[in-house]
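# Coordinates in review
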Amino acid sequence: MSLTEAPTTQEPEVKQKPSRSVRSMVRDSEIDVRMIGMLGLLLVIWVGFNIMSGGTFLTPRNLWNLSVQFAPVAIMATGMVLIIVSRNIDLSVGSMLGFVGMAMALIQAELLPDWLGFDNPWTWMIVLVIGLVLGALLGLLQGAIVAYVSVPAFIVTLGGLLVWRGAAWSLASGRTIAPMDSTFQLMGGGSRGSVGEVGSWIIAGIACLAIIGYFGNDRRQRNEFGLKQRPMWATVATAVIGCGAVLGAVLVMNSYYLPENVARAVAEEQGIPWPAGGLQIPLGISYPVLIAVGVMLVMAFVANNRRFGRYVYSIGGNPEAAELGGINTRWTVVKTFVVMGILVGIAAAVTIARLNAATSGLGTLAELYVIAAAVIGGTSFTGGIGTISGAVLGALVMQSLQSGMVLMRVDAPMQDIVVGIVLVAAVAVDITFRRRTER
Amino acid sequence: MTAPLVEMKDMNVSFGGVHAVEDVSIDLYPGEILGLVGGNGAGKSTLVKTLSGAQKADSGQIYIEGQPVTILNPRDAKALGVETIYQQLALAENIDAPGNMFLGRELISGLGNLDDSAMEAATRKIMARLNPKFENFKTPVARLSGGQRQSVAIARAVHFNAKILIMDEPTAALGPAETEQVRQLMRQLKSEGIGIILISHDIHDVYDLADRISVMLQGQLVGTVDKDDVTMDEVLAMIIIGKLPEEVTESELQDLHG
């Protein structure tokens, strides 16, 4: 507790007018400066790689693939934020992804076909539900040991890292399980796992309406209570930027076309004659990206607008205060691990669907990427600080770095070195920045 | 005289082999400020924690408005109208004032979502009364001054209509102006019929504000005296040598100033 800090309201009016008014303008607008910094970093990475790769980075094809690869890490990073915010850690997510993925693969490839036959329309749903429940149970177990037996999360999940990896191996004695159910595969993206051109524009339209509706509702609510409004320009600017980003992303996704052989097959199915110049069928938004965005929205809502989220942040800020406030802190911690487990289940489904197979090495080292994404996105290990959207941006930064380096043919050891350095540097910059603005 | 608001009878708390509170009984009346004083480790904080639900008593019985009650956790205490302002304020540093004021008792809308606008409006309303200069409703409380943080903690207690208010060293971290503000507030709450238990190291504070003073020494109650019947030196004697005013000798009082 730092009680010596100067009270912010009673700051004497200093003469540096311009910088103060800019600062107060930023404060009134409630724009997250860190977020803008992250977007700037992402822009630098993208433009940098594009120049270095001779223009192959910022192509619809590369960006589309990047978006598909980023999905599993982004999905898990949203849960990791809540875990780290409440002063815990989960090192087991990679192994858990392997175990849950392997279980889901076995069920759909070897178990269910005996009962339902291959490619039964119910298969994907049954498998997914089992995967989510399994993830939730593993999370419940780890969370309960952390919260009620008071074993540090680091230890519990370090154990989990070994146990679930071993369990993944023993489930199939190290075999590779393939192929996946054809409907299930759609969750992984791939050439058919997208919503298509029209569907993408419809989603973009709905998203824009939702953005406008959200801000309108916020203003209405604050008006109702006679509270001070955020300046109109800031609201409008944020809404315009948000809609612009959505439309831009969809435009890019719709500029990536099905490869010729797949397009030919689709044309055949739908009885369209193959034109001489070829057929350009846009892929649009892929299902994994749609799932990741959906997860992000739900998690952001839970973090900001539900009691559970408020409790998680209060535990991170001051566990004693949370306890004295009458919050059931132990159960709240258990719930963060359960949520994490469910998200691992979703990420596992996306991963095995994309690979169309499960191996016992599935998800190896994923925990490090997930933690790195959350931390680069501004989640602090001291607890209480971190945002869902930041973690998703962090995942995007990580994936962009990796994709870019693959594109540049940087070899694997060098990639690890770069990612490691970026992780430490990002946190160093963040801490310095935070120390300055806290004053 | 009216019935006591709170009676704590024969309270005992021990940690391992150490008797932190031993057979202590105190009571509190509506509209009264009871000073609870004693040196470090006298057991005063532990005693009131059994009332605020932060510490379980090993034995003893608490009565609120004559009814025997069981207080196992902070939620129980709050349901009975007992609000506490802790020495360390118990604020979540990363959360803003409305979030802290409603911590654990958030206002929610029909669908179970947090109603931040309603919470901010309620906080503004209560702050207009307690601390009109307060205007940082959206900054994490870590960035507020000691006095502002204190007013958040007090606002929390006042908003939820405390009948019984426990204040553990409420002015320890405050400057003179802010201390005066808190004292003013305590007098106001007292006039509204709220019973206040004031724990403090500062004997002047207690002597100025309290109606009665209970003194603890090494886990035991030395005694409870009416402020008007004793001098400050006599209270000091109770705190330091554990003797009641009628037992203490003139030379012992002299020694206190040695």
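Residues numbered from 1 in each chain as written. Chains lettered and ligands numbered in written order. Predicted model: local features only at pLDDT ≥ 70, side-chain atom pairs only at ≥ 80, totals over all residues.

### What to know about the overall build of chain B
Helix and strand counts for chain B stand at nine helices and 10 strands. A globule of 258 residues ought to have a C-alpha radius of gyration of about 18 Å, and chain B, at 19 Å, matches this closely. Along the longest, intermediate and shortest principal axes, the C-alpha atoms of chain B span 65 × 40 × 40 Å. Across the 258 residues that make up chain B, the buried fraction comes to 46%. (Helix = DSSP H or I, 4+ residues; strand = E, 2+ residues; numbered from the N terminus. Rg over C-alpha atoms; globule rule 2.2 N^0.38 Å. Buried ≥ 20, exposed ≤ 12 C-beta atoms within 10 Å, placed from the backbone.)

### Some remarks on the overall build of chain A
Along chain A, the regular secondary structure elements total 16 helices and zero strands. Expected size for 439 residues packed as a compact globule is a radius of gyration near 22 Å; at 23 Å, chain A falls within 12% of this value. Taking the principal axes of its C-alpha atoms as reference, chain A extends roughly 75 × 60 × 50 Å. Considering chain A as a whole, with its 439 residues, one finds that 41% of them fall into the buried category. Counting only contacts in chain A whose residues sit at least 6 apart along the sequence, the fraction spanning at least 24 positions is 81%. (Contact = placed C-beta atoms within 7 Å.)

### Details of the sheet that holds strand S2 (residues 18-28) of chain B
Pairing between sheet strands relies on hydrogen bonds along the backbone, with the strands arranged either parallel or antiparallel. Residue and element names in this part refer to chain B. Within the open sheet, the four strands sit side by side as S2-S1-S4-S5. Their pairing is antiparallel. Where the open sheet ends on each side, the last strands, each with one partner, are S2 and strand S5 (67-69). Neighbour-to-neighbour, the strand axes of the sheet open up by a mean angle of 30 degrees, direction not taken into account. Examined bridge by bridge, strand S1 (residues 6-15) and S2 share seven bridges and lie antiparallel to one another. Within the sheet, the bridge partner assigned to Ser-14 lies in S2 and is His-19. The strands touched by helix H1 (residues 44-52) are S1, S2 and strand S4 (59-64); relative to S1, the strand with the most contacts, the crossing angle is about 115 degrees. (Pairing = 2+ DSSP bridges. Axes fitted to C-alpha atoms, helices over the stretch in contact; angles between N-to-C directions.)

### Re the domain arrangement of chain A
Residues and elements named next belong to chain A. When cut into domains, chain A gives domain 1 (52-193 + 307-439) and domain 2 (194-285). For domain 1 versus domain 2, the separation of C-alpha centres amounts to 26 Å. Between domain 1 and domain 2, the residue contacts involve seven residues of the former and nine residues of the latter. Its residues assigned to classes, the side of domain 1 that touches domain 2 shows three nonpolar, three polar and one charged. (Domains from an automatic or database assignment. Nonpolar A, V, L, I, M, F, W, Y, C, P; charged D, E, K, R; others polar.)

### Looking at the interface of chain B and chain A
Between chain B and chain A, the contact holds 33 residues from the first and 30 residues from the second. Looking at the side of chain B that touches chain A, the elements that each hand over two or more residues are helix H2 (74-79), helix H4 (116-130) and helix H5 (146-159) of chain B. If one sorts the elements of the side of chain B that touches chain A by residue count, H4 of chain B sits on top with four residues. Of the residues assigned to the side of chain B that touches chain A, the class counts are 13 nonpolar, 12 polar and eight charged.

### Focus: the environment of Val-69 of chain B
Residue and element names in this part refer to chain B. By the element assignment, Val-69 lies in strand S5. Owing to 16 C-beta atoms within 10 Å, Val-69 belongs among the partly exposed residues under this scheme. A C-alpha to C-alpha distance of 10 Å links Val-69 and Val-6, two positions 63 residues apart in sequence. Residue contacts for Val-69: discarding those within four places in its chain leaves Ile-62, Tyr-63, Ile-64 and Leu-80.

### A word on the packing of helix H3 (residues 60-85) of chain A against helix H10 (residues 287-305) of chain A
Residues and elements named next belong to chain A. Two numbers describe how H3 lies on H10: the axes approach to 8 Å, and their chain directions differ by 15 degrees. Comparing the axis directions of H3 and H10 gives the class roughly parallel. Every pair of crossing elements has a handedness; the one defined by H3 and H10 is left-handed. On H10, the residues that touch Ser-67, Val-68, Ala-71, Ala-74, Ile-75, Thr-78 and Leu-82 of H3 are Pro-288, Val-289, Ile-291, Ala-292, Val-295, Met-296, Met-299 and Ala-303. Across the contact of H3 with H10, the residue classes break down as 13 nonpolar, two polar and no charged. (Parallel < 35°, antiparallel > 145°, perpendicular 65-115°, else oblique. Left-handed = near helix turned anticlockwise from the far one by under 90°.)

### Focus: the pairing of S4 of chain B
Residues and elements named next belong to chain B. Where S1 lies against S4, five bridges are found, and the strand directions are antiparallel. If you follow Met-8 over to S4, its bridge partner there is Ile-62. Where S4 and S5 come together, three bridges link them in antiparallel fashion. The partner of Tyr-63 across the bridge, within S5, is Pro-68. Between the antiparallel neighbours S4 and S5 lie two residues, among them Glu-65 with a positive phi of about 50 degrees.

### Details of helix H11 (residues 307-317) of chain A
With nine of its 11 residues buried, H11 of chain A lies for the most part within the structure. Those residues of H11 of chain A not exposed but buried are Gly-309, Arg-310, Tyr-311, Val-312, Tyr-313, Ser-314, Ile-315, Gly-316 and Gly-317 of chain A. Residues of H11 of chain A that are buried sit in contact with H3, H10, helix H12 (319-324) and helix H13 (329-355) of chain A together with helix H3 (97-101) of chain B.

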